[in-house]
Amino acid sequence: MSTVLGIDLGGSAIKWTVSRADAEFAPVETRPTPSSPEEIVEAIRGIVDAAREPHAGAGTDPADGDSAAEAPRALCLGTPGLVDDQGHIRGAAANLPGWGNRPVGEILSEALDIPVTVQNDTTLALFAEYRAGSARDARNVVGVFIGTGIGGGLCLDGEVYLGHRNLAGEIGHVTVVPNGAPCGCGRRGCLERYAAAVGLRRVCRELAPAYSASERRPESPLAARVKADPGTLTTGEILEAEDEGDPLASAVIGQAGEMMARALGSVINTLAPELIVFGGGVMEGGPALMEATRLRLPPYVLADALSGVSFTTAPLGPGAGAIGAALYAREAWER
Ligand SMILES: [Zn+2]
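**Q** Describe in detail the pattern of salt bridges, supporting the description with residues and values.
**A** Side chains carrying opposite charge are able to pair once their charged atoms draw close together. Scanning all chains against the criterion turns up nine salt bridges. A salt bridge links aspartate 157 to arginine 139; the shortest N-O distance between them is 3.5 Å. Highlighted residues: aspartate 157 in the loop between strand E7 (150–156) and strand E8 (159–160) and arginine 139 in the loop between helix H3 (121–132) and strand E6 (141–146), separated in sequence by 18 residues. Residue classification places arginine 139 among the partly exposed positions, given a relative accessible area of 45%. The shortest N-O distance in the salt bridge between lysine 227 and glutamate 219 comes to 3.1 Å.

**Q** Account for the environment of isoleucine 14, with residues named and values stated.
**A** Structurally, isoleucine 14 can be placed in strand E2 (residues 13–19). As for isoleucine 14 and glutamate 53, which are separated by 39 residues in sequence, their C-alpha atoms are 19 Å apart. Contacts of isoleucine 14, omitting those with residues within four sequence positions, involve Ile7, Asp8, Leu9, Glu29, Thr30, Arg31, Pro32, Thr33, Pro34, Ala43 and Ile47.

**Q** Now, about the sheet that holds strand E3 (residues 29–32): what can you tell me, with residues and values included?
**A** Ordered by their spatial adjacency, five strands build an open sheet running E3-E2-E1-E4-E5, and the pairing between neighbours is mixed. Looking at the sheet topology across the chains shown, the edges are occupied by E3 and strand E5 (116–120). Neighbouring strand axes in the sheet, compared pairwise and without regard to direction, differ in orientation by 20 degrees on average. The strands that helix H1 (residues 37–51) touches are strand E1 (4–9), E2, E3 and strand E4 (74–79); relative to E1, the one it contacts most, it runs at about 150 degrees. Here helix H2 (residues 104–112) sits on the sheet and contacts E4 and E5; the angle it forms with E5, its principal contact strand, is near 145 degrees.

**Q** Outline the confidence of the model for the protein, supporting the account with residue identities and numerical values.
**A** Averaged over all residues, the pLDDT of the protein equals 89, while 92% of them reach at least 70. Taken element by element, the predicted model of the protein shows its lowest mean pLDDT in helix H9 (residues 281–284) (88) and its highest in helix H8 (residues 247–271) (97). Per-residue pLDDT stays below 50 along residues 58–67; that stretch engages in 12 contacts with residues further than four places along the chain or on separate chains.

**Q** Before we move on, could you go through the sheet that holds E6 and cite the residues and values that matter?
**A** Spatially, the five strands line up as an open sheet ordered E8-E7-E6-E9-E10, and their pairing is mixed. Either end of the sheet is taken by a strand with one partner, and the two such strands are E8 and strand E10 (310–313). The pairing of E7 with E8 spans two bridges and is antiparallel. If you follow cysteine 155 over to E8, its bridge partner there is valine 160. Across the sheet, H8 lies against E6, E7 and strand E9 (275–279), angled at about 160 degrees from E6, the strand it touches most.

**Q** I'd like a description of the coordination of the zinc ion, backed by residues and values.
**A** Coordination sphere of the zinc ion, protein contribution only: His173 (ND1), Cys183 (SG), Cys185 (SG) and Cys190 (SG), at 2.0 to 2.3 Å. Here the zinc ion is ringed by four donor atoms whose angles at the metal span 106 to 118 degrees, and the overall shape comes out tetrahedral. A relative accessible area of 24% means that histidine 173 is categorised as partly exposed.

**Q** Which residues make up the packing of helix H5 (residues 197–207) against H8, and what values go with them?
**A** Two elements in contact, H5 and H8, have axes whose closest approach is 9 Å; the angle formed by their N-to-C orientations is 130 degrees. Accordingly, the angle class assigned to the pair H5 and H8 is oblique. Relative to H8, the crossing made by H5 is right-handed. Note on element contacts: H8 touches H5 through Leu248, Ala251, Val252, Ile253, Gln255 and Ala256, opposite Leu200, Val203, Cys204 and Leu207.

**Q** Give me H8: which residues, what numbers.
**A** Its 25 residues place the ends of H8 35 Å apart at the C-alpha level, agreeing with the 36 Å of an ideal helix rising 1.5 Å per residue. For H8, the side-chain oxygen to backbone nitrogen distance between the N-cap and leucine 248 is 2.9 Å, and the N-cap itself is aspartate 246.

**Q** Tell me about the packing of helix H7 (residues 235–243) against H8, residues and numbers included.
**A** At a minimum axis separation of 8 Å, H7 and H8 run at an interaxial angle of 110 degrees. Between H7 and H8, the angle falls in the class roughly perpendicular. Regarding H7 and H8, the two cross each other, and that crossing is left-handed. Contacts between H7 and H8 pair Ile238, Leu239, Ala241 and Glu242 from the former with Ala249, Ser250, Val252 and Ile253 from the latter. Its residues placed into classes, the contact of H7 with H8 shows six nonpolar, one polar and one charged.

**Q** Describe the nonpolar core, and please don't skip the residues or the numbers.
**A** Membership of the largest hydrophobic core comes to 51 residues, with the highest contact counts inside it found for Val144, Ile146, Leu264 and Phe278. Ranked by the residues each element gives to this core, the list is headed by H8, at 12 residues. For isoleucine 146, the contacting residues outside a window of four places in its chain are Ala195, Ala196, Met260, Phe278, Gly279, Gly280, Gly281, Val282, Met283 and Leu289.

Calculation notes
Residues numbered from 1 in each chain as written. Predicted model: local features only at pLDDT ≥ 70, side-chain atom pairs only at ≥ 80, totals over all residues. Heavy atoms only, no water. Salt bridge = Lys/Arg side-chain N within 4 Å of Asp/Glu carboxyl O. Helix = DSSP H or I, 4+ residues; strand = E, 2+ residues; numbered from the N terminus. Buried < 20%, exposed > 50% of the residue type's maximum accessible area, 1.4 Å probe, protein only. Contact = heavy atoms within 4.5 Å. Pairing = 2+ DSSP bridges. Axes fitted to C-alpha atoms, helices over the stretch in contact; angles between N-to-C directions. pLDDT = per-residue confidence, 0-100. Donors = N, O, S within 2.8 Å, 3.2 Å for Na, K, Ca; no water. Tetrahedral: all angles 85-135°; square planar, octahedral: opposite > 155°, others 65-115°. Parallel < 35°, antiparallel > 145°, perpendicular 65-115°, else oblique. Left-handed = near helix turned anticlockwise from the far one by under 90°. Expected span 1.5 Å × (residues − 1). Polar contact = N/O pair within 3.5 Å; in protein donor to acceptor, adjacent residues only side chain to side chain. Nonpolar A, V, L, I, M, F, W, Y, C, P; charged D, E, K, R; others polar. Core = buried A, V, L, I, M, F, W, Y, C linked by side-chain atoms within 4.5 Å.

Here it is in structure tokens:
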């Protein structure tokens, strides 16, 4: 069985795991992401070297006589941003300054002398759930990962679905409000401007004045918090306040759920998935947004399609990207 390496290259941390057998992974390890492309290549070289050590990866207990670990045969690198079918990271790659629109897979392959595939991190996180996590019993799965932005992933009929030029799954850029809030993609009214972290905080600040004290009700504690210092509001505070029944927080999450339902409803009608996997930093704060979305889906989805869909949060958590990368490297290598 060949050894493969999965690396999730994030803006602040590099996470990685080694796989020496189909469903076995070494514990996901983490190190800080260096700031320059040259240092990142060196950090990845260090990981490739470490993966050759006998203790890295499952099935290499010296007691079983397999003390000389096999060098990794393939590497898959997960990264934020759009990765096209040539392994170029489209546009500005915040985590790889200077590497935007360059063939990162080729650069690494040459520097490290190992086949390298580059893939979008959200796609890989969903792939991990599909092969080894919460979605392993499902055939058609949509992933929605809500953090700073919203990433999507599709696994259909047993395979990752990448679409023409690898550009499928961008649910965060589905238009939910015509001529709405400007988005980083250059258009307006995209889902992630309403339901991801920055959008939740913006909507919270916009709605806060309506939740000040009135004759009919006391001021919402979250509204008071926003009024005192709007600039330091965090997404975690909104989610905590929602948990405590704060009316402003409920309105913010409710509006985000409405926007999610508009986008996801069309996706469900188009693809008829049996499972939607929710993940990402905002979901780690609790299932409130998933529940708000579920509640608001019926007006947007054909009843038959909706009745067949289940919803879950991603239990592999922050290590899923590295695990998905290792699984993807294995399948790419064996293909
Ligand atoms: Zn957009």
